[in-house]
Amino acid sequence: MFRFVPFVFLSHSLAAFAQDLGVPLTWREFSNSRLLAERISIAEDAINTILPQLDTSDAQFNGIGYWQSGNVFSAMANFDHLAGTTVYETQVVDGLSTAFDLYSNFDQYGVITTADASSGTQPNKDFAIAGTCFGESMAGGVFWRPTVDDTGINSITTGLFTTLSAFLAETTGDATYTNAAILSAQWIQNLQINTDGIVLDTVDGADCTRSPASWLFTYNTGKYLEGLSVLKDVTGNSAWTTLMTDIAAAAIKSSVWEGSNGIITEGASPTANNDGVGFKAIFIRGLDEVSVRSSDNSALQILIHSYNDVQYNALLELAANGTSYSSSWPGPPQAFTTWGQLAALDVMVTAINTNSP
Ligand SMILES: *[C@@H]1O[C@H](CO)[C@@H](O)[C@H](O)[C@H]1NC(C)=O
């Protein structure tokens, strides 16, 4: 049985970051006039530039890690989806099959059920679970790691669970998935959104310690937005639409990861890979899904395509070396790196979609 968050609370909590969907005029080059065929060609060239790094024996790309490699495959699949092609279908299917064969236990992460929160226990963990933190139920939170004594519950894992559950609910119509999506979305809503509308990182599932307030990463907000966009369609509950819209507006304009020109500066790492390099790609991917599902809100769609155009134009004009791109989107260009290329793919693929014609 899930308890829906009272709308009064939602309105109250959102008052601090009411939405402004206007495009900031300080942004650098927030439009582009490239036609569809050119945008498809730019995205395809970007993908083809990373493909020589693919090791088909383990479905990973040289120079980046496992989850980053997964994001390359998702960009390839999304390319075909948006371009209406099957260019990468075989490689994506083969890659996923290989990865699933090698990592058969990939899904053994613990979700705190309402019953777990009440009892203070979780079947996959060997410590007492905090049933509430900061006055809110911990039900719906998803542990980051399967290790029995690892206590971290974070927003990216929970946001991924929301997104997966919402897509499964949409595909199957099964209320089990809908309720799981709602519960995990509520966990982030109740515990992990700061007063600026940005999603926080981690809460300790044993002692409720929260990650530093300065741990603000694009992907936490981006993946949550993707999940909310599907959840509002699955439930038809406009409270989720409002939350999604408010968070999107706040995140797109956040000074945490961009200057007044709008170019994302997070994860710029010319010489070495790290997890943070690919976060912004996940943010852009989430915004694309929000845009697709916001045909009733043209101001939001314009804001998203303008924001992506800022990133697109920066990559093409400030960070490009042929068809390879630096992880530093404000530039300068450099020689190819797998992580820089990965980070650029979602911008290129999204530009197929969010611009017209
Ligand atoms: C562009 O990439 C090539 C390698 O493909 C490299 O030799 C060259 O230095 C790069 N140019 C810049 C401006 O970094």
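Every residue gets a number counted from 1 within its own chain, in the order that chain's sequence is written. Residues qualify for local features only when their pLDDT is at least 70, as the model is predicted, and side-chain atom pairs are given and counted only at 80 or more; totals for whole chains, interfaces and linings, by contrast, use all residues. Excluded from the side-chain calculation are hydrogens and water; included are all heavy atoms of the structure.

This brings us to the pattern of salt bridges. Side-chain pairs of opposite charge can arise whenever the charged atoms involved come near each other. Counted as salt bridges are all cases of a side-chain nitrogen of Lys or Arg within 4 Å of a carboxyl oxygen of Asp or Glu. Following the criterion strictly, the structure yields 13 salt bridges and no others. Here K223 makes a salt bridge to E226, at a shortest N to O gap of 2.7 Å. Taken together, the residues K223 and E226, both in helix α8 (residues 218-235) and three residues apart, mark about one turn of the helix. We note that K223, like E226, is buried. Of the charged contacts, one joins K232 and D233 as a salt bridge, the two residues approaching to 2.7 Å between their closest N and O atoms. Connected through shared salt-bridge partners, E170, K223, E226, K232, D233, R285, D288, E289 and R293 make up one network. A helix here means a DSSP run of H or I that spans at least four residues, while a strand means a run of E at least two residues long, and both kinds are numbered starting from the N terminus. When accessible area is computed with a 1.4 Å probe and restricted to protein chains, residues below 20% of their type maximum are described as buried, those above 50% as exposed, and intermediate ones as partly exposed.

Another aspect to go through is the site of the ligand. Every residue near the ligand is listed here: N321, P333, Q334 and A335. Counted as a polar contact is a pair of N or O atoms within 3.5 Å, where, for protein atoms, one must be capable of donating a hydrogen and the other of accepting one, and residues adjacent in sequence contribute only when both atoms are in side chains. Here N321 contributes a side-chain N or O atom positioned 2.3 Å from an oxygen atom of the ligand. Areas reported as accessible are Shrake-Rupley estimates using a 1.4 Å probe. Residue values count occlusion only from the protein chains shown. Look at the ligand: alone it shows 360 Å² of surface, and the protein chains cover 33% of it. Charged residues are taken to be Asp, Glu, Lys and Arg, nonpolar residues to be Ala, Val, Leu, Ile, Met, Phe, Trp, Tyr, Cys and Pro, and polar residues to be all remaining types, Gly included. Among the residues forming the shell around the ligand, the class breakdown is two nonpolar, two polar and no charged. Nearness is defined per residue: one heavy atom within 4 Å of the molecule or strand is enough.

Now for the environment of S57. You can see S57 is positioned in the loop between β1 (54-55) and β2 (60-61). Measuring from C-alpha to C-alpha, the distance between S57 and T85 comes to 25 Å, with 28 residues separating the pair along the chain. Residues are treated as being in contact if the distance between any of their heavy atoms lies within 4.5 Å. Those residues in contact with S57 that lie beyond four places of it in its chain are T98 and L102.

We now examine the state of the cysteines. The bond known as a disulfide is covalent and runs between the sulfur atoms of two cysteines. Cysteine sulfurs are considered disulfide-paired once they come within 2.5 Å of each other. In total, this model carries one disulfide according to the counting rule given. What pairs with C133 in a disulfide is C208, and their sulfur atoms sit 2.0 Å apart. On the sign convention where negative means left-handed, the S-S torsion of about -75 degrees between C133 and C208 marks this disulfide as left-handed. A residue pair is termed long-range when its members are at least 10 positions apart, and C133 in strand β3 (residues 132-133) and C208 in the loop between β6 (202-204) and α8 qualify at 75 residues. With a relative accessible area of 1%, C133 lands in the buried category. You can call C208 buried: its relative accessible area is 17%.

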